[in-house]
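Below are the chains, spelled out letter by letter.
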Amino acid sequence: MGGKIFAVLVIVIALASAVPIINHTFLGATVAPPEDISTHGAEIDKQLDETMVEAGLSFLAAQLVLGFFVWQFGGKKDGALKNFPGGAKYLVIAALLLVGAEAIALGAIGTKAWAKVYFQPASPDALQIQAQAGQFAFYFRYPGPDGKFGAIHPDKIDEGNSNFFGLDPENDIPARDDITSGELVVPVNKEVHLMMHAKDVGHSFYVRELRIQQDFVPGLDLSVHFTATKIGKYEIVCTQLCGLGHYNMKAYLNVMSQDDFDKWLKAQSQ
Amino acid sequence: MATTLQPPQTDVEQDLRPRDGHGGGFGGLVPERGELRAVAEPKGEPTRTGVWVALAAIAMSFAALTSALYVREGAATDWHHIVLPPILWFNTLALIASSVTLELARRRVAAFMRRQESDRAASLLWLNATLLLGLVFIAGQYLAWLKLRSQGLYLPTNPNSSFFYLFTGVHAIHVLGGLGGLTRVIVKFLSSRWPLRRSTMDAASYYWHFMGLLWIYLLFILWLKL
Amino acid sequence: MSEAAAHVAHHAPPTSFVRKHVFSLDHKVIGKQYYALALVAVLTGMVLSWLMRLHLVWPNAPIPGLQWLSKVGAPGGVMTPEYYLSLMTMHGTLMVFFVLTNAPFAAFGNYFLPIQIGAEDMAFPRFNMMSFWTTFVAFCILVSAFFVGDGPPLAGWTAYAPLSAVGGDSGPGQAVGQTLWGLSIFVFCIASLLGSLNFISTTLDLRTKGMTLARMPICTWAWFITSCISLLAFAVLLPACLLLVLDRVAGTSFFIPSGLNISDHLQPHQGGSPLLWQHLFWFFGHPEVYIAIVPSMGIISHILIANMRKPLLSHKIIVYCMMAIGFLSYMVWGHHMFLSGMNPFSAMVFSFPTLVITIPATIMTLIWLGSLYGSHLRINSASLFSLGFISMFVAGGVSGFFLAQPSIDIYLHATYFVVGHFHMVMGVAAIFGVFAGTYFWFPKMTGRMMNETLGRWHFWLTFIGTYAIFMPFHYLGLAGNVRRYSAFTDDFLVPLIPVHKFITYSALFTGAVQLIFLFNLIYSRFKGPLAPANPWECTSLEWSTPSSPPPFDNFGGQHPVVHHDPYQYGVKSSTGDYLMQTSPERAGETP
């Protein structure tokens with residue numbers, strides 16, 4: 001009796017778990033990645049879908065077999081004991097082949113998307129923007145007409161006077177025309193090279209729609225590059241636990257047309 | 001469900017020779033032939049295995065510290081070479097000498113146990129010499145620390161000094177543990193109530209020799225990197 | 001000396017109350033002490049998780065009584081964001097260290113490993129006693145963080161530097177609280193090393209006559225393999241915690257780089273590497289999760305064999321798989337750090353063994369499933385939780401497949417997908433192993449049976465409840481719900497709050513269901529029906545002790561001799577369809 005209850009439970013739960021995956025909603029909420037606005041995201045999404053199919057089928061198959069066997073053999077007292085045909089040998093071979101093949105395939109295919117994001121450097125004419133993460137806000141800096149960033153002086157940071165980066169315009173010429181913004185404004189379809197600087201502790205840069213995530217590590221010069229393909233406003237959220245304001249630490253990625261971006265940049269310089 | 005309430009059929013060992021299974025203390029120690037020269041060790045005596053296991057863990061810890069050193073060196077450009085205090089070389093000699101005296105002590109103890117020697121004096125001489133040399137090592141390490149301090153190099157001063165104090169300090173703590181083990185060996189050797197077993201002697205010896213080898217390795221790393 | 005002298009025990013039986021129940025050298029008492037400590041830790045951790053879930057869904061609502069725990073952290077009962085993170089940190093630390101390392105491994109392993117190999121006690125009983133009390137001290141240090149300074153640390157159980165290393169500037173709870181955390185885990189590492197030392201030495205040296213390594217039950221193997229993993233893993237965490245504490249109190253800069261401006265204070269540190277902490281921590285951290293799961297794999301295998309009345313399809317392969325998992329566990333730590341700023345090429349290097357480690361896990365699952373075929377599967381609380389383990393292990397394991405691929409991890413890292421993954425394997429599957437072990441071994445440990453009806457209801461409701469809690473975590477992760485957030489206030493996450501509400505209700509319900517288990521445990525201890533000597537008709541040595549609970553030296557002054565492996569089921573014998581390992585009888589024909 002108990003075996004049959006278990007079998008029904010496990011099969012019902014397995015099927016119920018699959019439903020939100022298949023139709024992407026759960027209790028009215030959309031539970032799938034948002035639309036992809038990047039140039040490398042398509043590969044990631046494809047890989048995610050393929051993995052979901054393989055993992056999902058494995059999950060369902062295992063739960064169904066478990067349920068079925070417990071239904072059949074739960075509480076059984078008479079009849080001879082039997083062994084699974086072939087014993088362990090075929091199961092081991094099956095596991096090796098199936099999982100091995102899957103692992104190699106996904107591992108090999110997976111490098112493509114990873115390579116696009118991490119192995120290829122930013123192109124030399126990418127738009128250079130610097131991002132600084134600190135407890136609990138992101139700030140972004142554009143190099144201004146001179147194309148150069150001024151040096152960062154941690155001891156000169158003065159948030160009250162909007163000197164978020166600790167610039168020293170008096171003594172440091174490239175810093176004079178640097179443009180600081182609380183929003184990451186970028187032109188559409190243009191590669192952006194984002195240099196990442198951590199002011200205090202570890203943070204992370206995550207834009208779901210861009211399929212980009214990268215930690216800010218204090219003491220390390222890290223960067224990411226991306227190209228946004230759709231105009232709009234998207235959330236940038238911090239995903240590396242950084243303190244009490246972590247849940248609230250966000251900024252916006254504002255993707256504009258090239259014209260609008262040029263106008264915006266010009267307006268900032270004034 | 002079983003319906004029987006009797007203990008299931010069990011075969012028991014007919015050999016009821018007394019055994020004791022662990023490292024000393026508490027009753028159950030039976031002297032051989034009624035004399036307190038040596039204590040029969042049961043088969044499967046775990047003390048030796050135990051010390052190898054412990055040494056594996058200690059080695060792993062120092063491996064982690066070594067990798068921390070290498071990573072830290074590569075992380076920034078503030079690696080300021082320090083001069084190793086010369087007393088370290090003397091300390092090394094003392095530690096190596098203590099391993100030699102320990103081996104001599106072991107042979108004497110074994111001879112005593114086999115009744116080839118009549119009293120404990122020679123064994124004790126070498127055991128105490130080992131202890132003394134161990135203490136000399138510790139004192140010498142402390143002097144090395146004082147030397148660094150006199151140069152203004154403290155634990156947080158720079159990464160090199162940090163690792164120097166860290167490596168030598170952690171090693172010294174383990175050496176103190178080893179000295180405790182050797183003291184225990186001496187106490188048991190002298191005791192009639194809790195006589196010394198060969199595995200206890202062996203375990204303390206392996207540990208002590210390992211501390212010596214570990215020190216040579218650490219000294220090499222310190223010399224190479226700091 | 002008389003050859004026929006009366007057998008002298010491993011160590012003399014204790015006489016005083018303190019020696020019998022408090023500072024006991026008896027591995028059985030120590031095992032029960034670990035179990036009790038794990039029980040206190042899991043109840044505390046569970047309450048913390050309720051507080052967290054309540055806050056996530058109703059962040060501005062006061063929680064009655066919370067202000068007594070912390071006036072600053074929860075003024076008027078309303079939890080502050082920092083206090084949420086502190087509770088989260090303590091939840092993780094308690095659960096991973098004091099529950100998952102203690103219960104399946106230290107508690108059951110201490111109790112049953114010596115008996116299952118026919119020994120009178122562990123190899124080093126005094127070290128064993130020390131290992132428990134050191135664990136207890138570590139627990140006290142950790143819990144004291146609730147009551148000192150500005151409260152417990154908020155850096156998570158992973159305590160990433162520099163947040164965890166710089167001291168009070170980085171946030172509330174980061175002064176005294178974080179140092180106490182570092183000290184507590186440092187002490188815990190020492191305790192754990194002492195325990196592993198005992199397990200390894202005992203298994204290698206104290207097996208009774210006829211008990212070859214091949215004849216050890218699977219759960220004995222699991223504890224042995226776990227202790228090997230644990231020895232090397234905790235040996236790395238120990239110096240890591242030392243370095244962390246030195247950075248915090250001695251002004252060193254192992255993990256803290258220069259130029260940090262935290263809360264307008266320029267930090268004096270120079271040149272350290274936050275990634276160094278991550279490498280050291282995860283080099284321990286990944287084997288740690290296998291320390292959490294491997295004992296339960298062994299326990300449920302043991303229980304299923306007894307309840308299927310037939311051996312698994314291959315025990316050797318299960319043992320080899322556990323060894324392979326243990327070995328591979330040391331090669332994959334970087335998969336926690338794909339996006340950490342380490343060399344992106346190394347992501348590929350770590351991804352491959354991470355994917356490969358699914359192979360032994362899959363083999364084990366297929367063998368468990370295949371063994372059910374053709375069995376006479378007995379359904380009882382212990383076997384239900386063992387079957388539930390298989391279901392949960394698969395559910396939690398498949399999500400790992402996603403996270404093992406760096407490109408997918410770009411999207412799923414630090415989302416609830418990860419949280420769902422590790423809760424299912426550690427928080428549910430491993431705990432199901434503990435539940436199964438409890439129902440199975442309670443008769444041997446206490447001489448009484450637990451109530452079967454309550455046990456089954458405990459299972460049904462917990463099985464449904466834990467799926468209801470943790471399956472939706474994966475959906476949230478796919479939607480991009482970031483983890484370690486104390487509230488969901490932005491436009492993107494607000495629509496997901498109904499899912500969180502569902503989870504919170506499920507969590508409160510499932511937590512309440514555990515009261516059934518607690519009641520059953522305590523009531524049965526005193527009033528449960530007396531147990532037969534071998535209620536499950538199991539062949540291993542613990543069921544051949546002369547009494548339940550076993551006598552002081554486990555076998556009543558005798559040393560058992562082992563004649564069989566522990567898988568003599570489905571054979572014709574004078575005891576029925578099984579042969580005890582110690583029975584000198586030969587098996588008849590299979591009935």
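Being a predicted model, the structure only gives us computed values, none of them experimental.

Draft legend 1. Seen up close, the overall build of chain A. Counting its regular elements, chain A contains four helices and twelve strands. Projecting the C-alpha coordinates of chain A onto the three principal axes gives extents of approximately 90 × 35 × 35 Å. In chain A, which comprises 270 residues, the proportion classed as buried is 43%. In chain A, the proportion of contacts linking residues at least 24 apart, taken out of those at least 6 apart, comes to 70%.

Draft legend 2. Summary view of the domain arrangement of chain C. All names here are of chain C. Each assigned domain of chain C is listed here: domain 1 (27-257), domain 2 (311-529) and domain 3 (539-591). In this structure, domain 2 and domain 3 have C-alpha centres spaced 33 Å apart. In terms of residue class, the side of domain 2 that touches domain 3 is built from three nonpolar, three polar and one charged.

Draft legend 3. Spotlight on the interface of chain C and chain A. Listed per partner, the contact involves 95 residues of chain C and 92 residues of chain A. It is helix H12 (residues 358-372) of chain C that provides the largest number of residues to the side of chain C that touches chain A, a total of eleven residues. Residue classes in the side of chain C that touches chain A are distributed as 63 nonpolar, 26 polar and six charged.

Draft legend 4. How the structure looks around helix H11 (residues 344-356) of chain C. Of all the positions in H11 of chain C, only Ala347, Met348, Phe350, Ser351, Thr354 and Leu355 of chain C are classed as buried. Here the buried face of H11 of chain C lies against helix H3 (87-119) of chain A together with H12 and helix H14 (406-412) of chain C.

Draft legend 5. View of the environment of Ile497 of chain C. Residues and elements named next belong to chain C. Position of Ile497 relative to the elements: it lies in helix H17 (residues 497-527). You can call Ile497 partly exposed: it has 17 C-beta atoms within 10 Å. With 163 residues separating them in the primary sequence, Ile497 and Gly334 have C-alpha atoms 32 Å apart. Those residues in contact with Ile497 that lie beyond four places of it in its chain are Val57 and Phe488.

Draft legend 6. Seen up close, H3 of chain A. Between its first and last C-alpha, H3 of chain A extends 46 Å over 33 residues, near the 48 Å set by a 1.5 Å rise per residue. Along its length, H3 of chain A shows its largest kink, about 35 degrees, at Ala113 of chain A.

Draft legend 7. Broad picture of the sheet that holds strand E7 (residues 191-198) of chain A. All names here are of chain A. Here we have five strands laid out as an open sheet, ordered E5-E4-E3-E7-E10, and mixed in their pairing. Each of the sheet's edge strands pairs with one partner strand only, and the pair in question is strand E5 (179-181) and strand E10 (222-227). Here the average twist between neighbouring strands, direction ignored, is 25 degrees. For strand E4 (residues 137-142) and E5, the ladder comprises three bridges, and the chain directions are antiparallel. Counterpart to Phe140 in the pairing with E5 is Ser181.

Draft legend 8. Representation of the pairing of E7 of chain A within the structure. Residue and element names in this part refer to chain A. Sheet topology note: the strand E3 (residues 127-134)/E7 ladder contains seven bridges and is parallel. When the sheet's bridge partners are listed, Gln128 is paired in E7 with His193. As paired elements, E7 and E10 share six bridges and run antiparallel to each other. Looking at E10, one finds that His193 is bridged to His225.

Procedures and definitions
- Residues numbered from 1 in each chain as written.
- Chains lettered and ligands numbered in written order.
- Predicted model: local features only at pLDDT ≥ 70, side-chain atom pairs only at ≥ 80, totals over all residues.
- Helix = DSSP H or I, 4+ residues; strand = E, 2+ residues; numbered from the N terminus.
- Buried ≥ 20, exposed ≤ 12 C-beta atoms within 10 Å, placed from the backbone.
- Contact = placed C-beta atoms within 7 Å.
- Domains from an automatic or database assignment.
- Nonpolar A, V, L, I, M, F, W, Y, C, P; charged D, E, K, R; others polar.
- Expected span 1.5 Å × (residues − 1).
- Bend = angle between axes of the 7 residues up to and from the residue.
- Pairing = 2+ DSSP bridges.
- Axes fitted to C-alpha atoms, helices over the stretch in contact; angles between N-to-C directions.

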